[in-house]
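Here's the letter readout for the chains.
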Amino acid sequence: MNRSSTIVLTALAPISWGTTYAVTTQFLPPDRPLFTGLLRALPAGLVLLALARVLPRGAWWWKATVLGALNIGAFFPLLFLSAYRLPGGMAAVVGSIGPLIVVGLSAVLLGQRPTARSVLTGTVAAFGVSLVVLKAAGALDPVGVLAALASTASMSTGTVLTKRWGRPDGVGPLALTGWQLTAGGLLIAPVAFLIEGAPPALDARAIGGYLYLALANTAIAYWLWFRGIGRLSATQVTFLGPLSPLTAAIVGWAALGQTLTPLQLAGMGVAFGATVAGQIGARPPSVSVREVASRGNTVTQRRRRPWPTNPAPAVASRSPHGPAAPAAAPSTAPPPVARRRTGSGRGAAESVSTG
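Residues numbered from 1 in each chain as written. Predicted model: local features only at pLDDT ≥ 70, side-chain atom pairs only at ≥ 80, totals over all residues. Heavy atoms only, no water.

K.L.:
Before we go on, may I ask you to explain the overall build of the protein chain in this structure?
P.N.:
Looking only at helices and strands, the protein chain has 15 helices and four strands in total. When each of the 355 residues of the protein chain is scored for burial, the buried share is 41%. Across the protein chain, every contact between residues at least 6 apart in sequence was considered, and the portion connecting residues at least 24 apart equals 83%. Of the roughly 19500 Å² of accessible surface on the protein chain, a fraction of 65% belongs to carbon and sulfur atoms. (Helix = DSSP H or I, 4+ residues; strand = E, 2+ residues; numbered from the N terminus. Buried < 20%, exposed > 50% of the residue type's maximum accessible area, 1.4 Å probe, protein only. Contact = heavy atoms within 4.5 Å. Areas by Shrake-Rupley, 256 points an atom, 1.4 Å probe, with all protein chains shown as cover.)

So, in structure tokens, the structure goes:
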């Protein structure tokens, strides 16, 4: 699959996440952010584990737990907390600085030097998102702002670590996604029951909403997201994030009767242009150290052709006029070095050839 197809498929993840707000407000019980996060993560993780039939081994038990905590277990509750405590789309504005955080973390954890292009593109994307979702409001809640920053930092760190650690040999993105969703859901479960109490009564509308969130919005979307992280650079993937608030704005206009002002439309164009610019001219993902070492060993083995130290035993030749004379043993010395002149004139150099 080529790079463009990978980008398009990965972009389906934030586009799907952009429908979360509409589904939550129209289908799900109110004031249950932790319970909603639990039903998004844990059932989806268990389904993917059943399909992959692969469990972590060795160090990947704690790595999967760390990634599950960053990408799911901490991200979901903090995101919902910021959405409930901040006015308008302020949570989305804070979340749109994710590409800038990833650029900084990639320099530290992946050794990728930040470029002026990536910093400028990330700033423009955040500005465009702010034009779309930010509305006039009073004083900001400090807890909400801290929760929004923490959720963005958590997801950004998880994205970069997912790129740094890669996947174990023989393990695909389906299993890796299942590990993280299951670990994140198990971390959310005790907090949800401790703070929100027993689960609420669910009608058919709520069950349908939770099924959509667990399967399409989480299982499939996160599988596409982590699959994209494995094939694209961390910066490329995170620059697709602004598609989420843009999708939320479009769904609100199309399905919920919300209006879009000319300023919001302009902001959508700016944010989308920055998202596209984040994919054009981006550096391809660097080859892992393991792959470099493996390739280097292969090349070295091909180039090194040592002369035989244990030559085949000499075979005596029979002569009809006398006793057998021993055949000469094959020489173990390298072939003579031939010298040929390269260039012309007095300064012609001699090149050594062993062929």
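More follows now that the structure is in view.
K.L.:
For this particular structure, what's the right way to read the packing of aromatic side chains?
P.N.:
Aromatic ring pairs are defined here through the distance separating the ring centres and the angle between the ring planes. A complete count under the given rule lists eight aromatic pairs for this structure. Between Trp62 and Trp165, the ring centres sit 5.4 Å apart and the planes meet at 80°, which makes this aromatic pair edge-to-face. In this pair, Trp62 sits in helix α4 (residues 60-73) while Trp165 sits in helix α9 (residues 142-165), placing the two residues 103 residues apart along the sequence. A residue is classified by how much of its surface remains accessible, and Trp62, at 48% relative accessible area, is partly exposed. Three or more aromatic residues link up through ring pairs in this structure, and these residues are Trp17, Phe75, Phe76, Tyr222, Trp225 and Phe226. Just above the ring of Trp60 sits the side chain of Lys63; from NZ or CZ to the centre is 5.2 Å. In this structure, Arg205 is placed above the aromatic ring of Phe27, and the distance from its NZ or CZ to the ring centre is 4.4 Å. (Phe/Tyr/Trp six-rings, centres within 6.5 Å; stacked < 30°, edge-to-face > 60°. Lys NZ or Arg CZ within 6 Å of the ring centre and 35° of its normal.)

K.L.:
When you look at helix α8 (residues 116-133) in this model, what are you seeing that I'm missing?
P.N.:
Helical geometry: 3.6 residues make up each α-helical turn, so side chains three or four residues apart lie on a common side. With 18 residues, α8 ought to run about 26 Å at 1.5 Å a step, and its terminal C-alpha atoms sit 26 Å apart, in line with that. Along α8, the residues that are buried comprise Ser118, Thr121, Gly122, Ala125, Ala126, Gly128, Val129, Ser130, Leu131, Val132 and Val133. Check the buried side of α8 and you find it contacts α6 (90-95), α7 (98-110), α13 (243-255) and α14 (262-277). (Expected span 1.5 Å × (residues − 1).)

K.L.:
Even after reading the chapter, I still don't get the packing of helix α1 (residues 3-17) against helix α11 (residues 204-231), so can you show me in this structure?
P.N.:
When two helices pack together, their arrangement is given by the angle between the helix axes and the distance between those axes. Relative orientation of the contacting elements α1 and α11 amounts to 145°, with a least axis distance of 8 Å. In this structure, α1 meets α11 at a crossing whose hand is left-handed. Where α1 approaches α11, its residues Thr6, Leu9, Thr10, Leu12, Ala13, Pro14, Ser16 and Trp17 are matched on the opposing element by Tyr212, Ala216, Asn217, Ala221, Tyr222, Leu224, Trp225, Arg227, Gly228 and Arg231. (Axes fitted to C-alpha atoms, helices over the stretch in contact; angles between N-to-C directions. Left-handed = near helix turned anticlockwise from the far one by under 90°.)

K.L.:
Explain the side chain of Asn71 to me, please; I cannot follow it from the model alone.
P.N.:
Mapping Asn71 onto the fold places it in helix α4. With relative accessibility at 0%, the residue Asn71 sits in the buried group. A polar contact is formed between the side chain of Asn71 and the side chain of Gln180, at a distance of 2.7 Å. Non-local contacts of Asn71, meaning those with residues more than four positions away in its chain, are made with Ser154, Met155, Gly158, Thr159, Thr162, Gln180, Tyr222 and Phe226. (Polar contact = N/O pair within 3.5 Å; in protein donor to acceptor, adjacent residues only side chain to side chain.)

K.L.:
I'm lost on a nonpolar patch on the surface in this one. Help?
P.N.:
Taken together, the side chains of Val47, Leu51, Leu202, Ile207, Leu211 and Leu215 present a nonpolar region at the surface, about 510 Å² in accessible area. Secondary-structure elements contributing two or more residues to the nonpolar patch are α3 (33-52) and α11. Looking at the element boundaries, Leu51 is found in helix α3. Judged by its relative accessible area of 58%, Leu51 is exposed. (Patch = residues over 30% accessible without salt bridge, like charges linked within 9 Å, V, L, I, M, F, W, Y side chains within 5 Å. Salt bridge = Lys/Arg side-chain N within 4 Å of Asp/Glu carboxyl O.)

K.L.:
So what exactly am I meant to see when it comes to the side chain of Thr152 here?
P.N.:
Mapped onto the elements, Thr152 comes out in helix α9. Polar contacts involving the side chain of Thr152 include one to the main-chain carbonyl oxygen of Ala148, which spans 2.9 Å. Excluding its chain neighbours within four sequence positions, the residues that come into contact with Thr152 are Val94, Gly95, Ile97, Gly98 and Ile101.

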